[in-house]
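Here is what each chain is made of, one letter per residue.
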Amino acid sequence: MAVTSRLHHVIESQQFSRALLEDLIARADEIKREPQRFIGRMAGQVMAALFYEPSTRTRLSFEAAMLRLGGQTMGTDNAREFSSAAKGETLEDTIRIVSGYADVIVLRHSEEGAARRAAAVSGVPVINAGDGPGQHPTQALLDLYTIRDELGRIDGVRVALVGDLANGRTVRSLTYLLSKFKDVKVWFVAPPQVAMRDDLKAHLDEHHVPWVETADLDSVLPDVDVVYMTRIQKERFADPEVYNALKGVYRIDGAALARMRKYAILMHPLPRVDEIAPEVDADPRAAYFRQARNGLHIRMALLDRLLT
Ligand code: CP
């Protein structure tokens, strides 16, 4: 089915329709199956990557995606220090300038709402690559793709989102996407200090998606198809004592794995700190490295959709 919904800026998960998500998933499947068919499609196009916060996966998979499509990339890591932000330039002015040089801007920033501010002044598409504790919609796309790839379906899936849900932009974006599918059920597993924010729970209620909130991970493990671990985000805590009290609160090890369903999958947006023991990596249910790899294919599909 042809999908006609326009996609310009990519700011938040709510803007994706189910039809558009299915189109991107199908395109990512094609790219994975026959990568040679997509070589050169972005010839002559330039992607700017502006990263004001650290990144390994998002930055490099976007760059690899653009290069594999035949386009070129430029950008700055640690833009707060190495761009003219260090001299006091506003984000808006930086974006006005860079949008004159590039065909698409991939932006990671520490402030929630930064991608929306950038889109308001940009002449070219802006892709939100994570805005503080706000959203990370392209991570959610690769997460959704991974669920479909690993389990063969998204409708009816039972998902536990675990860890720092108050500060976790990946879990926020993924929850919005899951709410577009049928018969999904979500468990929010977190200590009360970093529980999922009320706006997301209200969104699920509005879309008739059942959800459960608990701090007890062990009791949830046998009931779900997807265990989505996240790290407690040290950089978001003003008080180190609060971080120290929470770090290590959840850990998947061999014993926890034994409580999971035989065909369930274990996901993590990465980087992990100590939420998943290395001994778990060899288990076929450990999907997190395959998940990171899927970031390349879904970001190729997204760039292809935006720029061709
Ligand atoms: N998952 C994710 O956003 O990883 P990076 O911070 O390495 O980009």
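Whatever comes next refers back to the structure up there.
What you see is a predicted model, and the numbers here were worked out from it, not measured in a lab.

To continue, consider the overall build of the protein. In terms of helices and strands, the protein carries 12 helices and 9 strands. For 308 residues, the compact-globule estimate of 2.2 N^0.38 gives 19 Å, and the C-alpha radius of gyration of the protein, at 19 Å, lies within 12% of that figure. Taken along the three principal axes of its C-alpha coordinates, the protein extends 55 × 45 × 40 Å. When each of the 308 residues of the protein is scored for burial, the buried share is 56%. For the protein, contacts bridging at least 24 residues in sequence account for 74% of all contacts bridging at least 6. Across the protein, the centroid of the 40 positively charged side chains sits 4 Å from that of the 42 negatively charged ones.

In this section: a nonpolar patch on the surface. Taken together, the side chains of M74, I97 and Y101 define a hydrophobic patch exposed on the protein surface, amounting to about 300 Å² of accessible area. Here M74 shows up in strand β2 (residues 72–76).

A word on the site of the ligand. Lining the immediate surroundings of the ligand are S55, T56, R57, T58, R108, H136, Q139, P269 and L270. Interatomic distance of 2.8 Å between a side-chain N/O atom of R108 and an oxygen atom of the ligand. Within the contact set of the ligand, a nitrogen atom lies 3.1 Å away from a backbone nitrogen or oxygen of L270. Relative to its free-state accessible area of 260 Å², the ligand is covered by the protein chains to the extent of 92%. When atom positions are compared with the pocket grids, the ligand is found to occupy the largest pocket. Residues of the shell around the ligand, tallied by class, amount to 2 nonpolar, 5 polar and 2 charged. When residues of the shell around the ligand are assigned to domains, at least three fall in each of domain 1 (13–135 + 295–307) and domain 2 (137–292).

Another aspect to go through is the packing of helix α6 (residues 137–151) against helix α7 (residues 169–178). Across the interface, α6 lies against α7 with an axial gap of 8 Å and an inter-helix angle of 55°. Classified by the angle between their axes, α6 and α7 sit oblique to one another. Our pair here, α6 against α7, has a crossing hand that is right-handed. Residue-level inspection shows P137, Q139, A140, L141, D143, L144 and I147 of α6 in contact with α7, the latter providing T170, S173, L174, L177 and L178.

Time to look at the pairing of strand β5 (residues 158–162). A large share of β5 lies buried, amounting to 4 of its 5 residues. In this structure, β5 lies alongside strand β6 (residues 185–189), joined through 5 bridges in parallel fashion. If you follow V159 over to β6, its bridge partner there is V186. The parallel pair β5 and β6 is bridged by α7, and the resulting crossover is right-handed.

Definitions and cut-offs
Residues numbered from 1 in each chain as written. Predicted model: local features only at pLDDT ≥ 70, side-chain atom pairs only at ≥ 80, totals over all residues. Heavy atoms only, no water. Helix = DSSP H or I, 4+ residues; strand = E, 2+ residues; numbered from the N terminus. Rg over C-alpha atoms; globule rule 2.2 N^0.38 Å. Buried < 20%, exposed > 50% of the residue type's maximum accessible area, 1.4 Å probe, protein only. Contact = heavy atoms within 4.5 Å. Lys, Arg positive; Asp, Glu negative; His and termini not counted. Charge placed at Lys NZ, Arg CZ, Asp CG, Glu CD. Patch = residues over 30% accessible without salt bridge, like charges linked within 9 Å, V, L, I, M, F, W, Y side chains within 5 Å. Areas by Shrake-Rupley, 256 points an atom, 1.4 Å probe, with all protein chains shown as cover. Salt bridge = Lys/Arg side-chain N within 4 Å of Asp/Glu carboxyl O. Near = heavy atom within 4 Å. Polar contact = N/O pair within 3.5 Å; in protein donor to acceptor, adjacent residues only side chain to side chain. 1 Å grid on protein atoms, 1.4 Å probe; cavity = no way out; pocket = protein on both sides within 12 Å on 5 of 7 lines; lining within 4 Å. Sits in = over half its atoms within 2 Å of the grid points. Nonpolar A, V, L, I, M, F, W, Y, C, P; charged D, E, K, R; others polar. Domains from an automatic or database assignment. Axes fitted to C-alpha atoms, helices over the stretch in contact; angles between N-to-C directions. Parallel < 35°, antiparallel > 145°, perpendicular 65-115°, else oblique. Left-handed = near helix turned anticlockwise from the far one by under 90°. Pairing = 2+ DSSP bridges. Right-handed = clockwise from strand over helix to strand, strands pointing away.

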